[in-house]
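Listed below are the residues making up each chain.
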Amino acid sequence: MEKWARHFPGMKFGKVYIFPTGMGFVFLVGTALVIITGATYNNNLVFLLGFFLFSIFIISMVETHNNLRGINVESAMIPDQFAGSPLSIPLRFVNQGSSVRQMLEFYASHSKNYFGHRSLIEELGGRAVVLHPLVCGAGTRGVWPVPQVVLTTVFPLGLFRAWTVLNPGGEVILYPSPIGSLPLSYAIKENDTSSVNKNLGHQRGDDFREHRKYVLGDSFRRVDWKIFARRDRLMVKEFEGTTDRKISVRFSDVLARDSELVLNQLSRWLELAKETNAPFELVMPGGRIPFGVGPQHYQKCQRELARFNRAA
C-alpha cells in the first residue's frame, strides 16, 4: 500500500495518508450489518449500537491520523561505515505538536541501495526529540543519500493504518570492505641502508618506545618473541629513530581485474597502516593523497576509495 502511495501523483513528503486495515474493513462491514438489522426490525437499541460502532470507526480514523501529524525526522551525525555490513543511521524524530504520539513504526523506503528493518518508537512526548537508529541491510561501496523514511502507525485501535514519507537529508559514506591478504608496501625503508642493520637498530642503542601489533610486511627480527610465548600474540618493538618508514598504498600494486577487489585490498592496507602509526600515502589512478597520519588522514583516504568511479 505504501509503495503504491509513494508513486501516487501529487504525493508530497510529510503528508499523512490513511487507509482502513483488514480489521477496519471487517469492523465496518459488521457495523453496517448491525445498522441494517436495526432498520429491518425497526429496533432503536440495535440502531443505537450500530451508530455507536460507526462513531468509534470515525474517531479511530481521526486519532490514527493525528498520531502522525506534525512529526518530522532529521539525520544526525552519520559515521562513515564499511560496505557489506548492516547499516545504522542515527535519526532525530521531532514531535512538533504538544500531544504524546505512541507506537510509531518506521523503516527505510525500499530502493536499490537500501532495504530496511522495521523499528518501533513506543512513545514520543509532546515537543520532544528522540534519537533512534534506522537499521538497514548491508549496502554497497559509495556515497549515498540517506534513504526516505516511511513512518506508520495503527494506533490506537488498529482499524486504520496511517503513514507518511519523510526525507531526513544527509548522506552515507560506505568504505570498501577491508578484505585482503597481501602485505603492505613501504615507500621508504628503515633508516639504515643495510638490510641487516635496519632490523637491528634497537641493538645499536636506540631507546625502546612501544609495542604495536604485527602487520604483514614487518620484519620477524623485530617481533618480541617473549610476548608471543606468553600471550600467543605477535607484537613488534618500536624504537626511537625507526619512525621514518613510510607506507605507500598504491592501486597499481594489486593485480586484480575486478576493481572492487582492488579497492577492498587497499581498504585493508589503510586499516593496517593506521595501526602502525606510520605516515602513509594513497596513490590512485589519476590522483595521489600525500603522506600523512591520524584519523582525519585515514578518513580522507578511505573516502577517496568510497568515491572512486562512483557518482555521489
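For the structure itself, consult the block above.
On a predicted model such as this, the values are computed, not experimentally measured, just so you know.

Draft legend 1. Spatial organisation of the overall build of the protein chain. Each helix and strand counted, the protein chain has six helices and 17 strands in total. Out of the 312 residues in the protein chain, the part that is buried amounts to 40%. Within the protein chain, counting contacts between residues at least 6 apart in sequence, those at least 24 apart form 67% of the total. Total accessible area computed for the protein chain in this model is approximately 17000 Å², and 58% of it derives from carbon and sulfur atoms.

Draft legend 2. A look at the packing of helix 5 (residues 259-276) against helix 6 (residues 295-307). At a closest axis distance of 10 Å, the pairing of helix 5 and helix 6 adopts a crossing angle of 175 degrees. In terms of their interaxial angle, helix 5 and helix 6 are classed as roughly antiparallel. Of the residues in helix 6, those touching helix 5 at Leu263, Leu266, Ser267, Leu270, Glu271 and Lys274 are Tyr298, Cys301, Gln302 and Leu305. In the contact of helix 5 with helix 6, the residues fall into six nonpolar, two polar and two charged.

Draft legend 3. Here's a closer look at the nonpolar core. Core analysis: the largest hydrophobic core is formed by 26 residues, its most contacted members being Ile89, Phe93, Tyr114, Leu134 and Leu151. Within the residue set of this core, elements represented by two or more residues are strand 2 (71-75), strand 4 (87-95), strand 5 (101-108), strand 6 (119-124), strand 7 (129-136), strand 9 (149-153), strand 10 (160-166) and strand 11 (171-175). Looking at which element gives the most residues to this core, the answer is strand 4, with four residues. Setting aside anything within four residues of it in sequence, one finds Phe93 in contact with Asn72, Val73, Phe106, Ile121, Leu124, Ala128, Val129, Val130, His132 and Leu151.

Draft legend 4. How the structure looks around the packing of aromatic side chains. Summed over the entire model, instances satisfying the criterion amount to eleven aromatic pairs. With a centroid separation of 6.4 Å and an interplanar angle of 20 degrees, the aromatic rings of Phe54 and Phe57 are classed as stacked. Linking Phe54 with Phe57, this pair stays in helix 3 (residues 44-66), spanning three residues, or about one helical turn. The class for Phe54 is partly exposed, based on a relative accessible area of 35%. An aromatic cluster is present here, built from Phe27, Phe54, Phe57 and Phe160 joined pairwise through their rings. Across the ring face of Phe291, the terminal group of Lys246 is positioned such that the distance to the ring centre comes to 5.0 Å. Above the face of the Tyr298 ring, Lys274 is positioned so that its terminal group lies 4.2 Å from the ring centre.

Draft legend 5. Spotlight on helix 5. Here helix 5 spans 26 Å end to end across 18 residues, near enough to the 26 Å set by a 1.5 Å rise per residue. For helix 5, the complete set of buried residues consists of Val262, Leu263, Asn264, Gln265, Leu266, Ser267, Trp269, Leu270, Glu271, Leu272, Ala273 and Thr276. The opening residue of helix 5 is Asp258, an N-cap whose side-chain oxygen sits 2.9 Å from the backbone nitrogen of Glu260. Directly after helix 5, the chain includes Asn277, whose backbone phi takes a positive value near 65 degrees.

The rules behind the values
- Residues numbered from 1 in each chain as written.
- Predicted model: local features only at pLDDT ≥ 70, side-chain atom pairs only at ≥ 80, totals over all residues.
- Heavy atoms only, no water.
- Helix = DSSP H or I, 4+ residues; strand = E, 2+ residues; numbered from the N terminus.
- Buried < 20%, exposed > 50% of the residue type's maximum accessible area, 1.4 Å probe, protein only.
- Contact = heavy atoms within 4.5 Å.
- Areas by Shrake-Rupley, 256 points an atom, 1.4 Å probe, with all protein chains shown as cover.
- Axes fitted to C-alpha atoms, helices over the stretch in contact; angles between N-to-C directions.
- Parallel < 35°, antiparallel > 145°, perpendicular 65-115°, else oblique.
- Nonpolar A, V, L, I, M, F, W, Y, C, P; charged D, E, K, R; others polar.
- Core = buried A, V, L, I, M, F, W, Y, C linked by side-chain atoms within 4.5 Å.
- Phe/Tyr/Trp six-rings, centres within 6.5 Å; stacked < 30°, edge-to-face > 60°.
- Lys NZ or Arg CZ within 6 Å of the ring centre and 35° of its normal.
- Expected span 1.5 Å × (residues − 1).
- Polar contact = N/O pair within 3.5 Å; in protein donor to acceptor, adjacent residues only side chain to side chain.

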